[in-house]
Amino acid sequence: MKPKYFKPIVFLACLLPLARLGWKAYNSALGANPIQVITWSTGTWTLVFLTITLSITPLRKLTRQYWLIRFRRMFGLFAFFYGCLHFTTYIWLDQFFDLHSIIKDVYKRPFITVGFTAFVLLIPLALTSTQRSIRWLGKRWQLLHRLIYATAFFGVIHYIWLVKADLRKPLIYATILATLLLYRIAAWTLGRISTANHVQNQASKLDNSTLAAD
Amino acid sequence: MLLKRSSDIPSSEITPRNLYFNRRRFLAGAGALAGFAAAGGSLRKLLTPSEIALAGTKLDYNKSQLSTSEKQTPFNDITHYNNYYEFSADKYEPAELAKNFNPRPWTIKVEGLANKPKTFDIDAILKMQLEERIYRMRCVEGWSMVIPWIGFPLSSLLNQVEPKPKAKFVEFTSLNDPKRFPGQQRGVLEWPYVEGLRLDEAMHPLTILAVGLYGETLPNQDGAPVRLVVPWKYGFKGIKAIVKIKLVDYQPTSTWTKMAPNEYGFYSNVNPNVDHPRWSQAKERRIGEFTKRPTLMFNGYGDQVASLYTGMDLKKNY
């Protein structure tokens, strides 16, 4: 299927977690503590979309499905979207705009501090996700968008620190994230080696040609 | 309120013991249950068949002056939002996972520094003078409920075994049986679950052993057949499925204290001024309410229990 038709379908699929939450809320099926369920669900989906976004590059290179890049921005923006919902749930439903206690929380509670940091770091990425920003920022765009690694890292720490005893779920995300980061380190190292070889070859070729010109 | 029942139920209306023992036969008796429900009130109409299997036998009890008149948390929330790590660390799972747990036969050993140590059978315990105690329950996670427990003061059990003067603390132990408790197949916490109280806390009139909820025997996911309820302490002090109560001269180490000593202390009194290291304890969400309410010192039981801690630094003794 061409990405052109595929894209709206994926877009709608990305909205399913929200639709499901809305449906459950409408039917009073969110259990005894609905606000907690909404907080957990939106937080989980933020992490899921962050990992999906980060897996696009390895996936397209390993499978040679280069068209996958066309979905990366959408997934990234959905990570931001669910992050916004998560943040709003905290500000509104959980704290009910109690600014004093929110500031205290962000300042005093490490798990909220890292969660808040993760969210704030996503904002410039969402703002510079347009084609125009990419052109305008040039090489700096890529540098700026490496912030997603920090967001994903802080997001996972945020999850680990809020759990009371059962670390299984947060550790699943930690493992996935570690794998995705290791892939990049490996790719980067290998890339450097092959570039170095390439440069060396080029250089020796150049030497030869210079010599020949003499 | 979901249920309002008189406590003078004739014994003829109580489900026969053999039906009560066996879930399948209990379900087979659904016809009898229908009549039961008509007489008993509206609760059963709200429940699915599997939930009917979970709901227990009616208990005979008196009302208590120590109950709060606050709005009670619905039965469905009390039975579907449970911190019961022996089943699962997910609060929504024990309701389902506890369905086939059979809390019979059951005995509770009361031993240690006592003149007359004794093993109590659950049937003997159910024959104690039962009371309804409607208590606030504040979870260390920041939510709360109002629960109509049925039980009796722990002191009336401890008095039967006559604690020796050397006894200073009480150590409680839960059932350790990974075959019946799927959560115990993983080492999330150190099993069995252990809790402790100072002897004067254990003898306090507010401290009860609960055997029921909303007028009926305790649902499995709420700690059947017997659990501890100490309303001025965080919920995790309320150890479930108790098999042993030991009078000791040392301060017992609770399971959660072993897990994270800087987060969960021996006392674990509800205290809005002493935060959990990772989150505030100043406010709580009452299940069923939208906005948070301030948490009260000793969960609102300060008048009755504050004197137990006179002169103690509660920031240190958290």
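Scroll up a little and you will see the structure.
Here goes a summary of the coordinates provided. For clarity, every value in this text was computed on a predicted model and none was experimentally measured.

About the thresholds
- Residues numbered from 1 in each chain as written.
- Chains lettered and ligands numbered in written order.
- Predicted model: local features only at pLDDT ≥ 70, side-chain atom pairs only at ≥ 80, totals over all residues.
- Helix = DSSP H or I, 4+ residues; strand = E, 2+ residues; numbered from the N terminus.
- Buried ≥ 20, exposed ≤ 12 C-beta atoms within 10 Å, placed from the backbone.
- Contact = placed C-beta atoms within 7 Å.
- Axes fitted to C-alpha atoms, helices over the stretch in contact; angles between N-to-C directions.
- Parallel < 35°, antiparallel > 145°, perpendicular 65-115°, else oblique.
- Left-handed = near helix turned anticlockwise from the far one by under 90°.
- Nonpolar A, V, L, I, M, F, W, Y, C, P; charged D, E, K, R; others polar.
- Pairing = 2+ DSSP bridges.
- Core = buried A, V, L, I, M, F, W, Y, C linked by C-beta atoms within 7 Å.

**Describing the overall build of chain B**
A count of helical and extended segments in chain B gives 11 helices and 12 strands. Expressed as a percentage of the 318 residues in chain B, the buried residues total 41%. When contacts within chain B are restricted to residue pairs at least 6 apart in sequence, those whose partners lie at least 24 apart make up 70%.

**A word on the packing of helix α3 (residues 69-94) of chain A against helix α5 (residues 110-127) of chain A**
Residue and element names in this part refer to chain A. One way to put it is that α3 packs onto α5 with a least axis distance of 10 Å and a crossing angle of 140°. One finds that α3 runs oblique with respect to α5. Between α3 and α5 lies a crossing whose hand is left-handed. For the pair α3 and α5, the contacting residues are Gly76, Leu77, Ala79, Phe80, Gly83 and Phe87 in the first and Phe119, Leu122, Leu125 and Ala126 in the second. Of the residues in the contact of α3 with α5, the class split is eight nonpolar, two polar and no charged.

**Observations concerning the environment of A:Trp188**
All names here are of chain A. Here Trp188 shows up in helix α9 (residues 168-213). You can call Trp188 exposed: it has 10 C-beta atoms within 10 Å. Sequence separation of Trp188 and Ser129 is 59 residues, and the distance between their C-alpha atoms is 24 Å.

**A closer look at the sheet that holds strand β6 (residues 194-198) of chain B**
All names here are of chain B. Ordered by their spatial adjacency, five strands build an open sheet running β2-β1-β10-β5-β6, and the pairing between neighbours is mixed. Edge positions in the open sheet fall to β2 (118-121) and β6, since each of these has one partner strand only. Across the sheet, the axes of successive neighbouring strands diverge by a mean angle of 15°, strand direction being ignored.

**A look at the packing of α5(A) against helix α8 (residues 147-162) of chain A**
All names here are of chain A. Their axes nearest at 8 Å, the elements α5 and α8 cross at an angle of 155°. Taken together, the axes of α5 and α8 are roughly antiparallel relative to one another. The two elements α5 and α8 meet at a crossing, and its hand is left-handed. Of the residues in α8, those in contact with Pro110, Phe111, Val114, Gly115, Thr117, Ala118, Leu121, Leu122, Pro124 and Leu125 of α5 are Leu147, Ile148, Ala150, Thr151, Phe154, Gly155, Ile157, His158, Trp161 and Leu162. For the contact of α5 with α8, the class distribution of residues is 15 nonpolar, five polar and no charged.

**So, the interface of chain B and chain A**
Opposite the 16 residues of chain B that make contact, chain A presents 11 residues. Looking at the side of chain B that touches chain A, its residues break down into 10 nonpolar, three polar and three charged.

**Observations regarding unusual backbone geometry**
For the peptide bond that leads from B:Trp191 to B:Pro192, omega is -5°, which places it in the cis range. Mapped onto the fold, B:Pro192 is located in the loop between β5 (169-174) and β6. Of note in the backbone geometry, A:Ser28 takes a positive phi value of approximately 50° without being a glycine. Along the chain, the position of A:Ser28 falls in the loop between α1 (3-26) and α2 (34-63). The phi angle at B:Tyr214 is positive, at roughly 50°, despite the residue not being glycine.

**Topic: the nonpolar core**
Counting 64 residues, the largest nonpolar core has B:Trp149, B:Ile150, B:Leu209, B:Ala210 and B:Ile242 as its most contacted members. Those residues in contact with B:Ile150, other than ones at most four positions away along the chain, are B:Leu59, B:Tyr61, B:Leu130, B:Glu132, B:Ala210, B:Val211, B:Gly212, B:Leu213 and B:Gly215. Counting 22 residues, the second largest nonpolar core, distinct from the first, contains A:Phe78, A:Ala79, A:Phe119 and A:Leu177.

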